[in-house]
Structure formats: C-alpha cells, structure tokens
Amino acid sequence: MAAEDAEDGAEATRRDAGDAESSRASRGWWDRNADEYQNDHGAFLGDDRFVWGPEGLDEAEAGLLGPAGSLKGRDVLEIGAGAAQCSRWLAAQGARPVALDLSHRQLQHALRIGGEVPLVEADAGALPFRDGSFDLACSAYGAVPFVADPVRVFREVRRVLRPGGRWVFSVTHPIRWAFPDEPGPEGLSVAASYFDRTPYVEQDERGEAVYVEHHRTIGDRVRDVVAGGFRLVDLVEPEWPAWNGQEWGGWSPLRGNLIPGTAIFVCERAEH
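Here the structure is a predicted model, which is why all the values come from computation and not from measurement.

**Q** It is not clear to me how the overall build of the chain should be interpreted in this structure. Could you clarify?
**A** Tallying secondary structure elements over the chain gives seven helices and 10 strands in all. With respect to the principal axes defined by its C-alpha atoms, the chain has extents near 45 × 40 × 40 Å. Among the 272 residues that make up the chain, the fraction classed as buried is 56%. Within the chain, contacts between residues at least 6 apart in sequence are counted, and of these 72% link residues at least 24 apart. Approximately 11700 Å² of the chain is accessible, and the part contributed by carbon and sulfur atoms is 50%.

Dropping the structure here:
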C-alpha cells in the first residue's frame, strides 16, 4: 500500500474509485514517478533479474512459473513490467517474453536499459493480443493492486493464455492493509479494519485521483481468481531473508520478520 505521506500537493483519503479513474491515476502516477522509482530500486531489481517483491524472492530459486529449464521456447506475457527486468531474465532462459505496461515513462526506462524484449504500452484490462497467444503470464506487483475490477483483468489474461497456461502474480499481502504503511515500530499496531475494502486514494486540490490502490482480502483474491477462469495452485507468502537489510516503503526487516508483506498467487487456466 502507498505510504501515508502522499505525493506533494495531494491529499490521502479512502474513497471509491472506479475503473476509468483508477487507470488514469495509475498511468499519470507511474509516468511522473518512474524516474525516482528506477533510481531508488533499480539496483535491487537489477537489469535482468526476476524478483517477486521487496523480500527479494527470486524466480530463479522459486520456480513459480516452472523450472527455469522449462521456459525455453515459451511465450510469456509480463503485465505491469516497468523497466522489463523480469522479462529480460525470462529471455535469458530462452523464453519469448513480451513486456506490457500502462506507463510510457516506465517503458522508456526499459528502452534505456536495452535488450530485445518487445515492449507494449496498454491497459491490463484490454490486452491487445489474440486469444491463445501465450503459454504463461506473470506480474510482479504490476497492475493487479491498482485496478478496480481485477476479475476483468484475469479474464483478459485467461483469454490470451493457451490451455493449461499458468498465471502468477504478486501483490501487497492483504493483511498489511490493517497496519500503518510504515517500516518501523509504528507499523506493527493494527490501525484499520482488514475488512474495509475502501480504496486508498491520493487526490489533488480538485478532488481528482492521482494515485489509487485497491484492497482485497485473501478470500476476495481467491474468489477473483476463480471468477476469472483460473484455479489456484499455490499461495506463496515469502519470509523475509536474513541477507535483506533494506527498507522499501513499508517493507522492512522488522516488519518482514513478524508479518507477511507479499502474497504470490500461482494460478492455472481452468478448462470449462
């Protein structure tokens, strides 16, 4: 979840925000903040590393998309790719990734880093691909937390996957919504209801959203996965590793050793 200190000039609140407003806010926020994001986190993410979240769980070790050796020749869609770090790792395994992001500026960083990965600027709720174009789809904190209707996104992902295709995505662990988004001791006391699904919104002086993040409980996420045409294969809650001493927003060793910070949903395309 976004830090409690909102972007300069913006007011943090909790209110409803629909598809169009959420999409518009996300595109604008990431275009404005891509430079700072890549500057702050680029070293941790690497240029060609597949990291699932701030804990540092690496796909090379986790194998949530399948063993690295099985990725060769696979068509893979990365949603919310940012600077396409994960896609570069996939390409290095012999896969054929496509990196998609809503933010033009994030994709410019992908171009800056370089590589042969195709880049596509598009909304995850309206994927510009034919049915059955991909074997696998993945998203490391991309798109899913920022959309008002995740089922719409999941159905689009299912549409572009081939039979038996796997869809793996990571999001902020839902339990974090009950705690202040702070890395220190102040972030260890429950401050809100876990069951309050009201979106977190940062809005400008005109009341227009400049950042939106949507909360779902664990149960909500599972139901969304099923409604989107998938079956849940695994739910991974990475533990904070001893080697990782960094703070990233509300993620920190202190909190990471006590409560989960990331939830990774491993799904497979259901055949009706």
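**Q** Sorry, what's going on with the sheet that holds strand β9 (residues 230-236) here?
**A** What links the strands of a sheet is backbone hydrogen bonding, and the strands pair in either a parallel or an antiparallel sense. Spatial strand order, β4-β3-β2-β5-β6-β10-β9: seven strands in an open sheet with mixed pairing. The open sheet has two edge strands with one neighbour each: β4 (119-121) and β9. Within the sheet, the average angular offset between the axes of one strand and its neighbour, ignoring direction, is 20°. Sheet topology places β9 next to strand β10 (residues 262-269); six bridges connect them, and they run antiparallel. Bridge pairing in β10 places Asp234 opposite Val266.

**Q** Just to check I follow, could you spell out the packing of aromatic side chains for this structure?
**A** Aromatic ring pairs: the centre-centre distance and the angle between the two ring planes describe each pair. Following the criterion strictly, the structure yields 17 aromatic pairs and no others. Between the aromatic rings of Trp29 and Tyr211, the centroid separation amounts to 5.1 Å while the plane-to-plane angle is 65°, which identifies the pairing as edge-to-face. Here Trp29 is found in helix α1 (residues 19-45), whereas its partner Tyr211 is found in strand β8 (residues 209-213), with 182 residues between them in sequence. Ring centres of Phe50 and Trp52 lie 4.7 Å apart, and the angle between their planes is 45°; on these two criteria the pair is classed as tilted. The exposure classification of Phe50 matches that of Trp52, with both residues buried. Linked through ring pairs, Trp29, Trp30, Tyr37, Phe44, Phe146, Tyr200, Tyr211 and Trp248 together constitute an aromatic cluster. Lying across the ring of Phe44, Arg49 places its NZ or CZ 5.4 Å from the centre.

**Q** Would you explain the nonpolar core in this entry?
**A** One recurring pattern in soluble globular proteins: nonpolar side chains tend to sit buried together. Counting 26 residues, the largest nonpolar core has Leu77, Ile79, Val157, Trp167 and Phe169 as its most contacted members. Listed by contribution, the elements that provide at least two residues to this core are β2 (75-79), β3 (96-101), β5 (134-140), α5 (150-160), β6 (161-172) and β10. Leave out the neighbours within four places in its chain, and Trp167 touches Ile79, Ala137, Cys138, Ser139, Val144, Phe154, Val157, Leu161, Phe230, Phe265, Val266 and Cys267. If you look at the next biggest cluster of nonpolar residues, it comprises 17 residues, including Phe50, Leu64, Leu71 and Val76.

**Q** Is there a simple way to explain the packing of α5 against helix α6 (residues 218-227) in this structure?
**A** Two quantities define a packed helix pair, namely the angle between the axes and the distance from one axis to the other. With their axes 8 Å apart at the nearest point, α5 and α6 run at an angle of 40° to one another. The angle between α5 and α6 places the two elements in the oblique class. As α5 packs across α6, the resulting crossing turns out to be right-handed. Along the contact surface, α5 presents Pro150, Val151, Phe154 and Arg155, while α6 presents Arg221, Asp224, Val225 and Ala227. Considering only residue class, the contact of α5 with α6 consists of five nonpolar, no polar and three charged.

**Q** So what exactly am I meant to see when it comes to α5 here?
**A** Each turn of an α-helix holds 3.6 residues, which means side chains three or four residues apart point in the same direction. Among the 11 residues of α5, eight are classified as buried, and the element is accordingly described as predominantly covered. Among all positions of α5, only Pro150, Val151, Val153, Phe154, Glu156, Val157, Arg158 and Val160 are buried. Against β2, β5, β6, α6, β9 and β10 lie the buried residues of α5.

Conventions used here
Residues numbered from 1 in each chain as written. Predicted model: local features only at pLDDT ≥ 70, side-chain atom pairs only at ≥ 80, totals over all residues. Heavy atoms only, no water. Helix = DSSP H or I, 4+ residues; strand = E, 2+ residues; numbered from the N terminus. Buried < 20%, exposed > 50% of the residue type's maximum accessible area, 1.4 Å probe, protein only. Contact = heavy atoms within 4.5 Å. Areas by Shrake-Rupley, 256 points an atom, 1.4 Å probe, with all protein chains shown as cover. Pairing = 2+ DSSP bridges. Axes fitted to C-alpha atoms, helices over the stretch in contact; angles between N-to-C directions. Phe/Tyr/Trp six-rings, centres within 6.5 Å; stacked < 30°, edge-to-face > 60°. Lys NZ or Arg CZ within 6 Å of the ring centre and 35° of its normal. Core = buried A, V, L, I, M, F, W, Y, C linked by side-chain atoms within 4.5 Å. Parallel < 35°, antiparallel > 145°, perpendicular 65-115°, else oblique. Left-handed = near helix turned anticlockwise from the far one by under 90°. Nonpolar A, V, L, I, M, F, W, Y, C, P; charged D, E, K, R; others polar.

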